[in-house]
Every structure is written in structure tokens, then in C-alpha cells.
Amino acid sequence: MDKLPRKPVIPTLLAIAAVLGLLYLGNSVDFLSGVTKPAVVAVLNLVGIESIDNGDHLHAGHLEVPWTGDCAGLNILVVLVAVTLWANRHGPFGAAFWLRLLLALPVAYVANLARIFSLIGLRWLLYPSIETPSLHYFVGFLWVLPFLAALIRQPKEISARIFWLEILRIASILSLLAPFVSAPGGVMVAMSSLILLARHHWHSPTSIGAGALFCSWMAAGAFIAEARMESLWIPWLLVCPGYVDWRLSRLVPLVLLLPGTIPIFAMKPWAALIVIPAAIWEVSLIFNSRTQEPASEEKSFTVFAAAAVFHLFPFFSSIAAIAPCPGIPPPPGVMAIRNPGGLYNVRTIGQTPELSCFWYEPNEGGRHHTLEVCLQYRGIKEGITRDGELVTDGQYLYTEFFLMPGGELCSYQNYLSRTLLPFSRSGAHLIYMTPKEAMSREDFLRLSRKSAEKLAALVSQE
């Protein structure tokens, strides 16, 4: 019997590189705001809602809607182009393929407008509540799904059910990756995730043991949601039992690569010593593997449908989660002005006027992100550089501290370690800022730490 032909590995590797580049692009540039924001303002005015562009905010009736780079829709465009590239990586790169890529731009534009109007509608109904990051991306994700059929060609040899579950899986993982690729360890997380994503092959459960694995996987997802351990969503999706090859030769690189999809591990300097050899091993296995017909799915519709639903679970789980993971409010003895979204402007006694302190409670009660991610979510993407504890965007100097209950100040790596266990309290994220010309870098870091230590001392006394 003749051997099956090898899978076309070169298109897969090119797709991995292209998708990784697109994800990074989505966090570093913003060229769509100039055509998105005027359209939003014009439509709102057209329907009778007085709207004004105030730069980083839109005034819409009685609402003040923050405008960030994500509102411009570049991440939606990146996800659409990346999914199109990935889903068509084994097909011919003819005129139809390039037409699909070109269609991604207008489709992303329309989908993003629909997302913005949906979020404004939710704000209008729920004011003064605001959308959380998870809801922000979940609504965008929902508006992307109806457009995917126009951009993706289904291979004849794969059933529609299996193919669209794969597309749902790809879009879910890329949507989780897109906002955080430029965070510490983000490139390694993206590389590990995309290489494992290339394993796509649905296996229908044929035994009681396989069904038990699916139940365990779903229970683990519910636990992650309740414990607010958002950094585990990507590895959780990647180990969906329907996509795991249970041969020992494939399980070993999976086990070695999977920690590379978790930021707290990927950001360690020594992580590359484990992840890169595992990635090379996995790529070699992809190169030497043979194409296979999809497993039968006739008797597995219930598990199949549950797997599809659970691939959406990370996007709405935090909205429905019951158990809070509380932060800590500013202590007595400081001047604190509360703003929407769990943000306080905080000032300690004797703090220099040029120094601003922002005290962030966790969104949705979840864990805090890095300073760079916080800036990106608020629309500051260009020119962000880090030099040790100092971050700058060219106009302002920034630094950060993570303040835990009990008054301990942590760096981001220590913070991740402290909040690794389920149901850990999230603490507060302190971000200090000053105009670049207001003081030297050394004075800024010294005064910021002095203020943070005062806050920590007050929290420890509670």
C-alpha cells in the first residue's frame, strides 16, 4: 500500500510566520481611526444622537465613550486576514485567494462599525457601567463570525461541520492572542500557540474514556472561568481532547510546548531553552507527517456541539462568573478621585504636582496586565519603549507597581507568581506618569517609588 503524501509544511510555516507578523502589527500601528471615527460620529448624528469627536473620547448624547486603537478595528482586520491565511494555507494561491484577502479590509471595517454601535448601545442601556475588555473583544468576535464564510474556502475533502469548528477554534485563539502579543513573553506565547494550532485534526470520541476526557476538559474550563485565571485560556483551548494526538511521539512536544503558551512561563529568560527545541521537534513532526482523512463524526454530534460552544466560552465566561476576585480600594489618608471603570486619581501627602498616580482596580475582578498593555488598551500604541522600570511613549514617562493586600509592592513577574493560584486577590495596579520634560528619569523613578511605598504602608495598616 502506498504511503500517504506528506502534508505541505512550507505553506504551514509561512502561514505561522505571516500570522505572527500580523498579530504584532495589530499592536503596533493604527491607520484605521481616521476612517472609522468620522463614520461613527456621522451615523450617530444621523440617527439623532449628538456626537462630537473629543480625541481619545467620543461624546455621544449623555455618554463619554473612550476611543482606543482597538476601536479603529485593526485587530478585527488582523484576525480576519490571519484566519483567511491560515484556513487557505493548503489551497492554491490564485486570484480567488488574493480576492478573499482584499475583501478582509471592507469586511473588517463593517464588522467593526457593528461592534462599536453594539457597545455604544450597551452603554446607553447600562450607563454608567462600561464594557469590560472581555466584553469588548467578545462583541467584536461575534460580529466577525458571520463574515468568515465569504473569506474562507472549504476543502472538499473535509466535512462542513469539522471545517467550521476548526475555523471557530482558529478565530478564538487568534482573538485571545491579538491584544497581548507585544506584552512580555508575547512573541513566545504566539509562536508556541501557532505551532500547536497547526495540529488541527478532529478526532471523534469513540469510547467512554474519550467522553470522560471531554467532560474533564469542560470542567477545567468552568474552573478557569470561576478562578479568573485568564492566562490559561489559550493552553486550555489547545488541549481540547478532540484535537490532541494521543501518540507518545506527539504528546511529548505538546507537553514541552504548552508552557510556552502561558505568559508567566514564556517571559522567563530560560523558557527559550525548553520551548525552542520543542518547537523545532514539533515542526519536524509536522514536516514528516502524512495527510489523513478526518475521523468519523456521525456518532459524536453532542460532544462536537459542546466543543463548539466551549470554544466561545473564554469570551463570555468572565461576564457570567460568580465568584469575584477583588482588588483593593485606595486606603484612608490619601486623596482619591474615582473615575468610571475602577480607576482612581490618587495623591499622597507631599506628592509633587508634576507626578500623577493612577490606581487601577482589576477589570471584571480579573488579574492586571502590564503597563504596556494598559497603554495599548487606552489607545497609546506608537512609540512605547521600556528601559528597565521606565516606560515612555515619547511624551510622558511611566512606571508601574503592583500593590498586594498587606502592603507588598511587586514587579509584574512577582505579581504573576503571587496571583498564580486560583481565587487569588488581584490587588491594585499603580501607574505613575509625568511629562517627559518635567523631571529627570532618575527623579521620576525615585519619587514614584517613594509615593508607592507610602501607599503600601497605608494599606499594610488596614
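About the cut-offs
- Residues numbered from 1 in each chain as written.
- Predicted model: local features only at pLDDT ≥ 70, side-chain atom pairs only at ≥ 80, totals over all residues.
- Heavy atoms only, no water.
- Salt bridge = Lys/Arg side-chain N within 4 Å of Asp/Glu carboxyl O.
- Helix = DSSP H or I, 4+ residues; strand = E, 2+ residues; numbered from the N terminus.
- Buried < 20%, exposed > 50% of the residue type's maximum accessible area, 1.4 Å probe, protein only.
- Axes fitted to C-alpha atoms, helices over the stretch in contact; angles between N-to-C directions.
- Parallel < 35°, antiparallel > 145°, perpendicular 65-115°, else oblique.
- Contact = heavy atoms within 4.5 Å.
- Nonpolar A, V, L, I, M, F, W, Y, C, P; charged D, E, K, R; others polar.
- Core = buried A, V, L, I, M, F, W, Y, C linked by side-chain atoms within 4.5 Å.
- Expected span 1.5 Å × (residues − 1).
- Arc of directions from axis to C-beta.
- Pairing = 2+ DSSP bridges.
- Phe/Tyr/Trp six-rings, centres within 6.5 Å; stacked < 30°, edge-to-face > 60°.
- Lys NZ or Arg CZ within 6 Å of the ring centre and 35° of its normal.
- Patch = residues over 30% accessible without salt bridge, like charges linked within 9 Å, V, L, I, M, F, W, Y side chains within 5 Å.
- Areas by Shrake-Rupley, 256 points an atom, 1.4 Å probe, with all protein chains shown as cover.
- pLDDT = per-residue confidence, 0-100.

This part is about the pattern of salt bridges. Close approach of charged atoms allows side chains with opposite charge to pair. Throughout the structure, instances matching the rule amount to six salt bridges. With its nearest N and O atoms 3.0 Å apart, the salt bridge here joins Glu400 to Arg386. Of the two residues, Glu400 is situated in strand 9 (residues 396-403) and Arg386 in strand 7 (residues 385-387); the sequence distance between them amounts to 14 residues. Looking at Glu400, the relative accessible area reads 13%, which means it is buried. Here Arg386 falls in the partly exposed class, since its relative accessible area comes to 38%. In this structure, Arg441 and Asp387 form a salt bridge, with 4.0 Å as the shortest nitrogen-oxygen distance. Separated by 54 residues along the polypeptide, Arg441 in helix 18 (residues 441-460) and Asp387 in strand 7 bring together distant segments of the chain. Judged by its relative accessible area of 35%, Arg441 is partly exposed. According to the relative accessible area criterion, Asp387 is exposed, its value standing at 54%.

Interhelical geometry of helix 7 (residues 160-177) versus helix 8 (residues 186-197) gives an angle of 175° and a closest axis separation of 11 Å. Relative to helix 8, the element helix 7 is oriented roughly antiparallel. Residue-level contacts link Arg169, Ile170, Ile173, Leu174 and Leu177 of helix 7 to Val189, Ala190, Ser193, Leu194 and Leu197 of helix 8. In the contact of helix 7 with helix 8, the residues fall into eight nonpolar, one polar and one charged.

With that out of the way, let us pick up the nonpolar core. If you look at the biggest cluster of nonpolar residues, it comprises 70 residues, and the most contacted ones within it are Leu80, Val83, Trp202 and Trp236. Broken down by element, the residue count for this core peaks at 11 residues, all from helix 7. Setting aside chain neighbours within four positions, we find Val83 in contact with Leu148, Ile152, Ile167, Ile170, Ala171 and Leu174. By size, the runner-up hydrophobic cluster in this structure holds 20 residues, among which are Val346, Met439, Phe444 and Val459.

Attention now moves to helix 18. Relative to the 28 Å expected for 20 residues at 1.5 Å per residue, helix 18 spans 28 Å between its end C-alpha atoms, a close match to the ideal helical length. Of the positions making up helix 18, those classed as buried are Phe444, Ser448, Ser451, Ala452, Leu455, Ala456 and Val459. Mapping the buried residues of helix 18 onto a view down its axis gives an arc of 145°, with all of them on the same face. On its buried side, helix 18 packs onto strand 5 (343-347), strand 6 (356-360), strand 8 (390-392), strand 9, strand 10 (409-410) and strand 11 (428-435).

What follows is about the pairing of strand 5. Pairing of strand 4 (residues 335-339) with strand 5 involves five bridges; the strand directions are antiparallel. Within strand 5, the residue paired with Ala336 across the bridge is Val346.

Our focus in this paragraph is helix 8. Compared with the 16 Å implied by 1.5 Å per residue over 12 residues, the 16 Å span of helix 8 between its first and last C-alpha is a close match. Taking burial as the measure, the 12 residues of helix 8 include 10 buried ones, the bulk of the element.

Counted under the stated rule, the structure contains 11 aromatic pairs. Ring centres of Phe401 and Tyr432 lie 5.9 Å apart, and the angle between their planes is 85°; this geometry places the pair in the edge-to-face category. Here Phe401 is found in strand 9, whereas its partner Tyr432 is found in strand 11, with 31 residues between them in sequence. Like Tyr432, Phe401 is buried. A connected cluster of aromatic rings, assembled from ring pairs, spans Trp217, Trp233, Trp236, Phe310 and Phe313. A cation sits over an aromatic face here: Arg169 above Tyr243, 4.1 Å from the ring centre.

On the surface, a nonpolar cluster with roughly 670 Å² of combined accessible area is contributed by Leu248, Val252, Leu256, Trp270, Leu273, Ile274 and Trp281. Every element with two or more residues in the nonpolar patch is listed here: helix 11 (248-257) and helix 13 (271-288). Judged by its relative accessible area of 44%, Trp270 falls in the partly exposed class.

Bringing the confidence of the model for the protein into the picture now. On average, residues of the protein score 75 in pLDDT, and 73% of them reach the 70 mark or higher. Every residue in residues 291-298 scores below 50 in pLDDT, and together they form 23 contacts with partners more than four places removed in sequence or on other chains.

Tracing the backbone shows Gly242 in the loop between helix 10 (233-238) and helix 11. C-alpha of Gly242 to C-alpha of Ala307: the two residues are 65 residues apart in sequence and 8.1 Å apart in space. Filtering out sequence-adjacent residues up to four positions away, Gly242 remains in contact with His201, Trp202, His203 and Phe214.

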